[in-house]
Structure formats: structure tokens, C-alpha cells
Amino acid sequence: MPFGYASPEQIMRDKADYARKGIARGRSVVVLQYEHGILFVAPNPSRALHKISEIYDRIGFAAVGRYNEFEELRLGGIRYADINGYTYDRSDVTGRGLANLYASNLGRIFTESIKSLEVEVVVAEVGDTPDGDAIYRLTFDGSVFDEHGFAAMGGQAEAVATRLKEHYREGMPLGDALEVALTALTEPGGERPPVGQLEVAVLDRTREHRKFLRLVGPRLERLLAQGAGAASATGAEPAEPAGQSQPSEPSQPGEAPPPTAPDGDVDDGSSPL
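Within each chain, residues carry numbers counting from 1 in the order of the written sequence. Selection of residues for local features in this predicted model requires a pLDDT of at least 70, selection of side-chain atom pairs for listing and counting requires 80 or more, and totals for whole chains, interfaces and linings are taken over all residues. Hydrogen atoms and water are omitted, and side-chain values are computed over all heavy atoms in the structure.

K.L.:
Explain the side chain of Ser28 to me, please; I cannot follow it from the model alone.
P.N.:
We count a stretch as a helix when DSSP gives it H or I for four or more residues in a row; a strand needs E for two or more, and each element gets its number in order from the N terminus. Within the fold, Ser28 resides in the loop between helix H1 (8-24) and strand S1 (29-34). A simple rule labels every residue: compare its accessible area, found with a 1.4 Å probe on the protein chains alone, to the largest value its type can have, and call it buried under 20%, exposed over 50%, or partly exposed in between. The class for Ser28 is buried, based on a relative accessible area of 8%. Polar contacts here mean pairs of N or O atoms no more than 3.5 Å apart (in protein, one a potential hydrogen donor and the other a potential acceptor; neighbouring residues in sequence count only if both atoms are side-chain atoms). A polar contact of 2.6 Å, which involves the side chain of Ser28, links it to the backbone oxygen of Gly154. Within the structure, Ser28 has its side chain in polar contact with the backbone nitrogen of Gln156 (distance 3.5 Å).

Following this line, the structure appears as C-alpha cells:
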């Protein structure tokens, strides 16, 4: 019985449609510039699997789609950064170089493999000044988009990006930027994710050496309260995040440890994040 024939164009369209559907099932991620750096925000109910991570001193990584697939990309990026930083100089490791590496790998897999990766990735690098910040968004087929100010991916990315465009402004304080990100991630009339189901991190240019910092616990709650207060002062009525509470004393938690490889009793990465 003869095999059916499909043109190369049809094969590529089918692989692209398959990848887009998988990515759209994941929860959206927002990356945007603020006054002192770059903010990452993602709804994420899992405490074991991170969608936002550090790659190198000034470089952060965010992804949406299949965890096991974008985790391989993240680890490959860390190896690339470590080898180049050790062989040459730490300043030679750049967000642009990492984005080019990912683009090459994603494009090769999309072209040569039967199944494309169901992932979309953002590589962000914080500079010494806002003009030096860079946000690169990479799609499943290796396309690279040099974003300015903000980027959204996964889930209802177009609707999220539209809401970001309506509310975003340059040079926002961190609390205001967090409020804008949550407003963009929340459907009109919908409920915001609880504080315990938010993954938030920054690349803060004012920090020494490592710029990446996860925002958790009381510090995150204070920022949410500041952003909600600023929005109320301008006449907006943001929905209050479920489970939010005001801390009695200020706290300065340290950076959370990097995610460990998932064991058998947690999500194996087969579902989009």
C-alpha cells in the first residue's frame, strides 16, 4: 500500500499548528522593563517547576510550554554561558549571543525533527542603563523578536500584549510594573491568581554582581499592595489578589534556590506550563 504524499509546505504548517496549540495551553508569561531593570511575572501553581530562571550574571530566562522541553534549553544556555565566561571573559556572555544559540537550536529541531518543540522563550539582559536592557522573544521555529519595553507569550498572548500596551509606560517603579503585569495577565472581570501561585523575579541593575532576584513572601505582598494603591490613586479599580495579606514587619528574604530536577512524585513536564 503506497504511502500518502504531503508537500514540504503542508508538513511545516502542520508542525507549526501543533506547536502553537501546545504553547497556547500554557499560562501566559509577561516580561517588562521597570525603573531599575526587568520584571518577570508568571502564574505558576507548581512549587517544584520554575518557568523563570537565572542564566548568568545579567541574564534571565522565561518560558512557556512543555516543561521538559524548555528545561533542556535552559540547561543548555547555562552550559554555554559558563563555558564562554570561563574561556573568555564574563562580559562576553550576552543575551544576544544566547538568543542566537537558542534560535539556531529551535530552527534546526523545527526543520529536521518530526515534532517541533512546544515552547516559547524570552531571554532578557539588564544593562547599566535602561537603554542597555534587551528582551528577546523566541518562537518554536527559531524566529527571534527584539522586543522593546515588554513581551508576552503563551496562553492568550495577543490579548495579554494588548492590555500591556494600554497600561505600560517607561520608567515605572517596581510596584507599578507588577500591577501592570497582573492587570495584563487577568482577563477583564476575572480573578487574579493567589500570591502563592505567582512566580515573580527581577533583573535589578542596582544589585552587585548577580542581578537576578526572586520576589517571594512578604516582600512580594508589599509590592502588590503598593501597586494596588497606586492604581487606586489614579482611579483604577484593580481586583485584589486572592490570599494577599499585609505583613506586620518588613522582611528581606534571600533568593530562592534553583529548581531541582523533578522526581517521580511531581509533574513530569508532559503538561504545558
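Continuing now.
K.L.:
Sorry, what's going on with the sheet that holds S1 here?
P.N.:
Within a beta sheet, neighbouring strands are joined by backbone hydrogen bonds and run either parallel or antiparallel to one another. Only strands joined by at least two bridges in the DSSP assignment are considered to pair. Strand order in this open sheet of five strands is S8-S1-S2-S9-S10, and the pairing throughout is antiparallel. Lying at the two open borders of the sheet, with one neighbouring strand each, are strand S8 (150-153) and strand S10 (212-215). Between one strand axis and the next, the sheet turns through 15° on average, direction left out of account. The sheet contact formed by S1 and strand S2 (residues 37-43) spans five bridges and is antiparallel. Across the sheet, residue Tyr34 finds its bridge partner in S2, namely Gly37. Only heavy atoms matter for contacts: two residues are in contact if any of them lie within 4.5 Å across the pair. Note on geometry: axes are C-alpha line fits, over the in-contact stretch for helices, and angles between N-to-C directions span 0 to 180 degrees. Those strands touched by helix H4 (residues 157-167) are S1 and S8, and its axis lies near 155° from that of S8.

K.L.:
Can you help me understand the pairing of strand S7 (residues 144-147) in this one?
P.N.:
The two faces of the sheet receive side chains in turn, since in a regular strand these alternate between them. Judged from the four bridges that link them, strand S6 (residues 134-138) and S7 form a sheet pairing that is antiparallel. Bridge pairing in S7 links Leu138 to Val144. Taking the residues that link successive antiparallel strands as the turn, the S6-S7 hairpin has five residues, and the phi of Gly142 there is positive, at about 90°.

K.L.:
Mind showing me how you'd approach the confidence of the model for the protein here?
P.N.:
Should pLDDT be low for a region, the predicted coordinates there are not to be read in detail. Summing up the model confidence of the protein, the mean pLDDT is 86 and the portion of residues at 70 or higher is 83%. pLDDT measures how confident the predictor is about each residue, on a scale from 0 to 100. The secondary-structure element of the protein with the lowest mean pLDDT is helix H6 (residues 217-233), recorded at 81, while strand S5 (residues 119-125) shows the highest, at 98. In the predicted structure, residues 236-269 sits below a pLDDT of 50 and forms 54 contacts with residues beyond four places in sequence or in another chain.

K.L.:
Would you explain helix H5 (residues 174-185) in this entry?
P.N.:
Residues that lie three or four places apart on an α-helix share one face, since the helix turns once every 3.6 residues. Take the number of residues in a helix, subtract one, and multiply by 1.5 Å to get its expected span. Between its first and last C-alpha, H5 extends 16 Å over 12 residues, near the 16 Å set by a 1.5 Å rise per residue. With 11 of 12 residues buried, H5 is to be regarded as a mostly interior element. Of all the positions in H5, only Leu174, Gly175, Asp176, Ala177, Leu178, Glu179, Val180, Ala181, Leu182, Ala184 and Leu185 are classed as buried.

K.L.:
Honestly, the side chain of Lys15 in this entry has me stumped. Any pointers?
P.N.:
Residue placement: Lys15 occurs in helix H1. Counted as positive: Lys and Arg. Counted as negative: Asp and Glu. His and the chain ends are not counted at all. Salt bridges are defined as contacts in which a side-chain nitrogen from Lys or Arg sits within 4 Å of a carboxyl oxygen from Asp or Glu. Buried and unpaired, Lys15 has Glu112 as its nearest opposite-charge partner, separated by 9.3 Å. Not counting the four nearest positions on each side in its chain, Lys15 is found in contact with Phe110, Thr111, Ser113, Ile114 and Ser116.

K.L.:
I would appreciate a short explanation of the pattern of salt bridges in the present structure.
P.N.:
Side chains bearing opposite charge may pair, as long as their charged atoms lie close to each other. Tallied over the entire structure, the rule returns 16 salt bridges. Among the salt bridges present, the one from Glu118 reaches Arg66, with a minimum N-O distance of 2.8 Å. Of this pair, Glu118 sits in the loop between helix H3 (95-112) and S5 while Arg66 sits in the loop between strand S4 (59-65) and helix H2 (67-87), and the two are 52 residues apart along the sequence. Arg66 shares its class with Glu118; the two are buried. A salt bridge links Glu147 to Arg137; its shortest N-O distance comes to 2.8 Å. Of this pair, Glu147 sits in strand S7 while Arg137 sits in strand S6, and the two are 10 residues apart along the sequence. Linked through salt bridges whose partners overlap, the residues forming this network are Arg25, Arg66, Glu69, Lys115 and Glu118.

K.L.:
Please explain the environment of Ala134 as it appears in this structure.
P.N.:
Within the secondary structure, Ala134 sits in strand S6. Each C-alpha atom of the pair Ala134 and Ile38 lies 9.0 Å from the other, and the pair is 96 residues apart in sequence. Every residue in contact with Ala134, bar those within four places of it in the chain, is listed here: Ile38, Val123, Ala124 and Glu125.

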